Amino acid sequence: MYNVTLIPGDGIGPEITEAVKAVIDAAGVKICWDEQEVGQKALEKYGDPLPKHVIESIRANKVALKGPVTTQIGKGFKSINVTLRQTFDLYANIRPVKSLPGVNSIFNNVDIVIFRENTEDLYAGIENAIDDDRVEAIKVITRKASRRIAQKAFEYAKAHGRKKVTAIHKANIMKKADGLFLEEARKVAEKNKDIKYEELIVDNACMQLVQHPEKFDVIVTENLYGDIISDLCAGLVGGLGVVPGINEGQEFTIFEAVHGSAPDIAGKNIANPLALILSAVEMLKHLGEDTAAHAIRNGVFDLLKRGKNLTPDLGGSATTHEMTKELCSLIA
Ligand code: ATP
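Quantities reported herein were computed from a predicted structural model and do not represent experimental measurements.

> Can you walk me through helix H3 (residues 52-61) in this structure?
Every α-helix carries 3.6 residues per turn, so stepping three or four residues along brings you back to the same face. Buried within H3 are the following residues: Val54, Ile55, Ser57, Ile58 and Asn61. The buried residues of H3 occupy an angular sector of 160 degrees when projected down its axis, which confines them to one face. Relative to its buried face, H3 has exposed residues pointing more than 90 degrees away, namely Lys52 and Ala60. Where H3 is buried, its residues contact strand E1 (2-7), strand E2 (31-35), strand E3 (63-66), helix H4 (80-87) and strand E12 (253-256). Of the residues trailing H3, Lys62 is marked for its positive phi of about 70 degrees.

> So what exactly am I meant to see when it comes to the pattern of salt bridges here?
Per the stated rule, a full pass over the model turns up 27 salt bridges. Lys170 is paired through a salt bridge with Asp203; the nearest N and O atoms lie 3.0 Å apart. With Lys170 in the loop between strand E8 (164-169) and helix H6 (177-190) and Asp203 in helix H7 (residues 202-211), this residue pair connects regions lying 33 residues apart in the sequence. Residue classification places Lys170 among the buried residues on the basis of a relative accessible area of 18%. Residues Glu190 and Lys193 are paired through a salt bridge, measuring 2.8 Å at the closest nitrogen-oxygen approach. In terms of burial, Glu190 and Lys193 fall into one category: exposed. The structure contains a network of salt bridges with shared partners spanning Arg143, Arg147, Glu183, Glu184 and Lys187.

> Please explain the pairing of strand E10 (residues 218-221) as it appears in this structure.
Note on strand geometry: in a regular strand, side chains alternate between the two faces of the sheet. Both faces of E10 are covered, namely the face carrying Val218 and Val220 and the face carrying Ile219 and Thr221. As defined by bridge partners, strand E5 (residues 111-117) adjoins E10 across four bridges and the pair is classed as parallel. Residue Arg116 lies in a different strand from E10, and its bridge partner there is Thr221. The pairing of E8 with E10 spans four bridges and is parallel. Looking at the pairing, Ala167 lines up with Val220 of E10.

> Where do I start with the side chain of Thr311 in this structure?
Mapped onto the secondary structure, Thr311 falls in the loop between helix H10 (290-306) and helix H11 (320-331). Side-chain polar atoms of Thr311 contact the side chain of Asp313, separated by 2.7 Å. Among all residues touching Thr311, those that are not within four sequence positions of it are Ile270, Ala271, Asn272, Gly316, Ala318, Thr319, Thr320 and Met323.

> Got a minute to help me understand the site of the ligand in this structure?
If you check the shell around the ligand, you find 13 residues, and the closest are His259, Gly260, Ala262, Asp264 and Asn272. His259 is positioned such that a nitrogen or oxygen atom in its side chain is 3.3 Å from a nitrogen atom of the ligand. Within the backbone of Ala262, an N or O atom sits 2.8 Å from an oxygen atom of the ligand. Summarising the interface, the protein chains cover 61% of the accessible area of the ligand, which totals 620 Å² for the free molecule.

> Looking at this model, I keep getting lost on the packing of helix H5 (residues 143-159) against H6. Mind explaining?
Following both chains from N to C, one finds H5 and H6 inclined at 40 degrees, their axes separated by 8 Å at the closest point. With respect to each other, H5 and H6 are oriented oblique. Crossing hand, H5 versus H6: right-handed. The residues of H6 that touch H5, namely those facing Arg143, Ser146, Arg147, Ile149, Ala150, Gln151 and Phe154, are Leu180, Phe181, Glu183, Glu184, Ala185, Lys187, Val188 and Ala189. Its residues placed into classes, the contact of H5 with H6 shows eight nonpolar, two polar and five charged.

What counts and what doesn't
- In this numbering scheme, every chain counts its residues from 1 along its sequence in written order.
- The model is predicted, so local features are restricted to residues of pLDDT at least 70 and side-chain atom pairs to those at 80 or more, both for listing and for counting; the totals for chains, interfaces and linings are taken over all residues.
- Side-chain measures here rest on the full set of heavy atoms in the structure, leaving out hydrogens and waters.
- Three labels apply to residues, based on accessible area from a 1.4 Å probe with only protein chains included: buried if under 20% of the type maximum, exposed if over 50%, partly exposed otherwise in between.
- Starting at the N terminus, helices and strands are each numbered in turn, a helix being any DSSP run of H or I of at least four residues and a strand any DSSP run of E of at least two.
- It is the directions from the helix axis to the C-beta atoms that the arc portrays.
- Residues count as neighbours in contact if any of their non-hydrogen atoms are within 4.5 Å of one another.
- Salt bridges are identified by distance alone: a Lys or Arg side-chain nitrogen within 4 Å of an Asp or Glu carboxyl oxygen.
- Here, strands pair whenever DSSP counts at least two bridges between them.
- Nitrogen and oxygen atoms within 3.5 Å of one another constitute a polar contact, given that in protein one can donate a hydrogen and the other can accept it, and given that sequence-neighbouring residues count only through two side-chain atoms.
- Residue proximity to a molecule or strand is established when one non-hydrogen atom of the residue lies within 4 Å of it.
- What sets the accessible areas is the Shrake-Rupley method with a 1.4 Å probe; for residues, cover comes only from the shown protein chains.
- Here an angle of 0 to 180 degrees is reported between the N-to-C directions of two axes, which are lines fitted to C-alpha atoms, with helices fitted over the stretch in contact.
- If an angle is under 35 degrees, it is roughly parallel; if it is over 145, roughly antiparallel; if it lies from 65 to 115, roughly perpendicular; otherwise it is oblique.
- Should the near helix be turned counterclockwise from the far one by less than a right angle, the crossing is left-handed, whereas a clockwise turn marks it as right-handed.
- Residue classes follow a fixed rule: Ala, Val, Leu, Ile, Met, Phe, Trp, Tyr, Cys and Pro count as nonpolar, while Asp, Glu, Lys and Arg count as charged, and any other residue, Gly among them, counts as polar.

Written out as structure tokens, the structure is:
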């Protein structure tokens with residue numbers, strides 16, 4: 001029995017976390033879910049969008065599975081996602097983007113793992129209103145954070161038989177900030193000469209990704225570029241509904257899908273739960289439950305190959321419940 005903090009979040013979050021619980025049950029893993037509310041609901045109930053008891057729960061369990069939490073645009077409380085990443089020093093946001101069988105997409109040969117720095121850059125949240133007509137947002141890049149995300153990417157590449165790491169930047173314009181990021185990435189590359197290392201300017205990287213995604217292997221990049229490139233890459237393999245994510249630090253790990261709370265489809269029972277289910281597969285591997293992780297992954301592949309009972313984003317007409325039920329029966 002494992003203790004895991006579960007944050008259903010809002011928008012489609014509660015629907016897809018229910019699906020994950022059912023699928024993990026079907027795979028026979030016993031988890032004691034410590035369910036916690038954050039965001040707007042927590043603000044109304046506890047006067048804090050990220051209450052102390054939620055932080056304590058993650059601190060005690062060390063592992064959390066998190067649904068999406070809405071961040072209002074241009075107003076409201078600071079992003080819960082960003083605050084959690086900073087609080088637990090989850091410096092690596094790892095996003096494996098892989099073509100899936102049966103998913104309708106232009107490409108069928110994408111296999112990229114994105115390492116996005118997760119704690120600084122423009123997400124440091126330092127914005128100053130100089131006067132009524134001028135606002136500055138400060139981009140923070142440190143040697144330490146740049147070094148450890150590069151190390152993480154190379155360690156992963158080595159451990160998983162990957163051949164190449166591409167550092168994505170805009171150092172032609174941000175010569176000092178992105179220059180520092182590259183300086184550290186190059187030092188790490190120098191110590192790992194068995195892995196090929198290359199650098200690409202972010203705009204060029206975007207074009208190459210949509211033309212030749214098969215040329216990419218492991219990507220390492222800063223926080224904002226990583227956020228944007230992740231969604232772009234999700235579009236190469238069938239959309240946001242199928243890309244999982246891991247927020248990893250030294251001591252704590254939070255698993256969450258790449259997608260947001262999708263308010264446009266919330267409460268309609270049509271959200272695709274696979275991105276969070278695949279995030280839970282990564283969580284099971286982290287917990288040492290490899291057999292169950294494989295069973296769920298194979299079940300997802302079977303489901304997609306059969307092409308029945310899929311949600312609308314995958315070209316089907318099934319509800320979240322119907323798709324989850326089908327997946328559970330394939331796993332069982
Ligand atoms: P955030 O900034 O919080 O990451 P976002 O602005 O990127 O959020 P999302 O909430 O991820 O936006 O949604 C983007 C689009 O993708 C929406 O049209 C949404 O309906 C769709 N989408 C996202 N997740 C899913 C899902 N699991 N199933 C089906 N469609 C989804």
